[in-house]
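Read off the chains here:
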Amino acid sequence: ISPLPFCSHSYYQRMATVRMQFDHEEEEDDYSGRAENNRGTDWIHALEAGNFITKDEKDEYRDISHRANWTLSSCKVDGDGFGINELLSDNVDSYWQSDGPQPHTITVEFPRKTDISFLALYLDYKSDESYTPNKLLVRLGSSVMHLDDEFEQSFTEPVGWQMMDLRRGSYAKRAFVLQLQVVQNHQNGRDTHIRHMRVIGPSQSRFNSVARALVTPLIDPLDFDGDENGDPILNSNRHQMEAPVMPILTRQLKSMKVIR
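Residues numbered from 1 in each chain as written. Predicted model: local features only at pLDDT ≥ 70, side-chain atom pairs only at ≥ 80, totals over all residues. Heavy atoms only, no water.

### Notes on the overall build of the protein chain
Of the regular secondary structure elements, the protein chain holds 6 helices and 13 strands. Here the protein chain, with 260 residues, has 46% of them falling under the buried criterion. Pairs at least 24 residues apart make up 75% of the contacts formed inside the protein chain by residues separated by at least 6 positions. Split by element, the accessible area of the protein chain, about 13700 Å² in all, is 49% carbon and sulfur. (Helix = DSSP H or I, 4+ residues; strand = E, 2+ residues; numbered from the N terminus. Buried < 20%, exposed > 50% of the residue type's maximum accessible area, 1.4 Å probe, protein only. Contact = heavy atoms within 4.5 Å. Areas by Shrake-Rupley, 256 points an atom, 1.4 Å probe, with all protein chains shown as cover.)

In structure tokens, the structure reads:
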């Protein structure tokens, strides 16, 4: 794989590149021995410290960044690189630097509809000053052309992990595409630095594959409509499922752990 920086990559090449960086992280929970500048995997502690999750919920979330295709609106190409590899590396000394007009964007496209709970960004105003984002906009949707849900957040001289809660109530949002827009920098700076970016989702989808397998043969698909996210909701104008089916289905669903 080429060591040169890049601003976009095909899906399969992207997966290969990022998996080299993330495979060793999947089961790693102890960060006490990590070097101080290797901060790319300690986002989970920031979630807990920010009271987004409890200590008991730590295993219910994981980094899903490596599942997606990443595209940058621009990136600086001088020196050792300032692109996607740097954005997704563990080393906080590396970073993405844009090289173009605002708004700067990072587009994350998943191959299938995906549960997304948080967006984690590592920002460092002390080092980056006017390159540090001040106002961000996150948009979610079914495609780059259809980004309907918007989340806006502002920062004041941030240092460390900054979390954007994208959940709907306590449930993850479901989308094919997430796009981050850097709308404004501190001190009206033009280009931006983001040292880490991670997309965080639940360890297990609330639409469990076992539940889908149980339900699908038992119901008429016309019994269900879709909500604004395309998730199934019961059509009240249609007939209900026959009574003998429900006790069996209920017992099976209760036996499964439901993850938000």
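### Description of unusual backbone geometry
A cis amide bond links Gln102 to the next residue, Pro103, at an omega of 0 degrees. Position of Pro103 relative to the elements: it lies in the loop between strand S3 (96–97) and strand S4 (104–116). One non-glycine residue, Glu129, adopts positive backbone phi at about 45 degrees. Counting through the fold element by element, Glu129 comes out in the loop between helix H4 (125–128) and strand S6 (133–143). Although it is not a glycine, Asn188 sits at a positive phi angle of roughly 60 degrees. Asn188 gets classed as exposed once you look at its relative accessible area, which sits at 67%.

### Regarding the sheet that holds strand S1 (residues 61–63)
Taken in spatial order, the 4 strands line up as S1-S11-S5-S8 in an open sheet, and their pairing is antiparallel. One side of each edge strand has no neighbouring strand; the edge strands of this open sheet are S1 and strand S8 (159–165). Sheet twist, expressed as the mean angle between neighbouring strand axes with direction ignored, is 25 degrees. Sheet topology places S1 next to strand S11 (residues 196–202); 3 bridges connect them, and they run antiparallel. The partner of Tyr61 across the bridge, within S11, is Pro202. (Pairing = 2+ DSSP bridges. Axes fitted to C-alpha atoms, helices over the stretch in contact; angles between N-to-C directions.)

### Observations concerning the packing of aromatic side chains
If you walk through the whole model with that rule in mind, you get 4 aromatic pairs. Between Phe52 and Phe118 the ring centres are 5.7 Å apart and the planes differ by 75 degrees, which places this aromatic pair in the edge-to-face class. Taken together, the residues Phe52 in the loop between helix H2 (43–49) and S1 and Phe118 in strand S5 (residues 118–124) connect sequence positions 66 residues apart. What makes Phe52 partly exposed here is its relative accessible area of 26%. Members of the aromatic cluster, connected to one another through ring pairs, are Phe52, Tyr61 and Phe118. (Phe/Tyr/Trp six-rings, centres within 6.5 Å; stacked < 30°, edge-to-face > 60°.)

### Topic: the side chain of Ser74
Structurally, Ser74 can be placed in the loop between strand S2 (69–72) and helix H3 (84–87). The class of Ser74 is buried, set by a relative accessible area of 11%. In this structure the side chain of Ser74 is engaged in a polar contact, spanning 2.9 Å, whose partner is the backbone nitrogen of Asp99. (Polar contact = N/O pair within 3.5 Å; in protein donor to acceptor, adjacent residues only side chain to side chain.)

### Some points on the nonpolar core
Counting residues in hydrophobic clusters, the biggest one holds 30 residues, and the most contacted among them are Trp70, Ile106, Leu119, Ile194 and Met197. Taken together, the elements giving at least two residues each to this core come down to S2, H3, S4, S5, S6, strand S9 (173–185) and S11. In terms of nonpolar packing, the next biggest core, distinct from the first, is built from 13 residues, Val92, Phe118, Tyr122 and Met163 among them. (Core = buried A, V, L, I, M, F, W, Y, C linked by side-chain atoms within 4.5 Å.)

### Considerations on the pairing of S4
Alignment of S2 against S4, held across 4 bridges, turns out to be antiparallel. Of the residues in S4, the one forming a bridge with Asn69 is Glu109. Examined bridge by bridge, S4 and S9 share 9 bridges and lie antiparallel to one another. Note that in S9 the partner of Ile116 across the bridge is Lys173.

### Details of the sheet that holds S4
Two strands in a sheet stick together by hydrogen bonds in their backbones, pointing the same way (parallel) or opposite ways (antiparallel). Within the open sheet, the 5 strands sit side by side as S2-S4-S9-S6-S7. Their pairing is antiparallel. Each of the sheet's edge strands pairs with one partner strand only, and the pair in question is S2 and strand S7 (146–154). Geometrically, the sheet is characterised by an average inter-axis angle of 20 degrees between neighbouring strands, direction not taken into account. In terms of strand pairing, S6 meets S9 through 8 bridges, oriented antiparallel. Directly across from Lys135, in S9, lies its bridge partner Gln184.

### Quick word on the pattern of salt bridges
If you walk through the whole model with that rule in mind, you get 11 salt bridges. Among the salt bridges present, the one from Arg174 reaches Asp115, with a minimum N-O distance of 2.9 Å. Here Arg174 is found in strand S9, whereas its partner Asp115 is found in strand S4, with 59 residues between them in sequence. The pair formed by Arg174 and Asp115 is uniform in burial state, with each residue classed as buried. Glu150 is paired through a salt bridge with Arg139; the nearest N and O atoms lie 3.4 Å apart. Linking Glu150 in strand S7 with Arg139 in strand S6, this pair joins segments that are 11 residues apart in sequence. Among the charged side chains, a network of salt bridges with common partners joins Asp63, Asp90 and Arg198. (Salt bridge = Lys/Arg side-chain N within 4 Å of Asp/Glu carboxyl O.)

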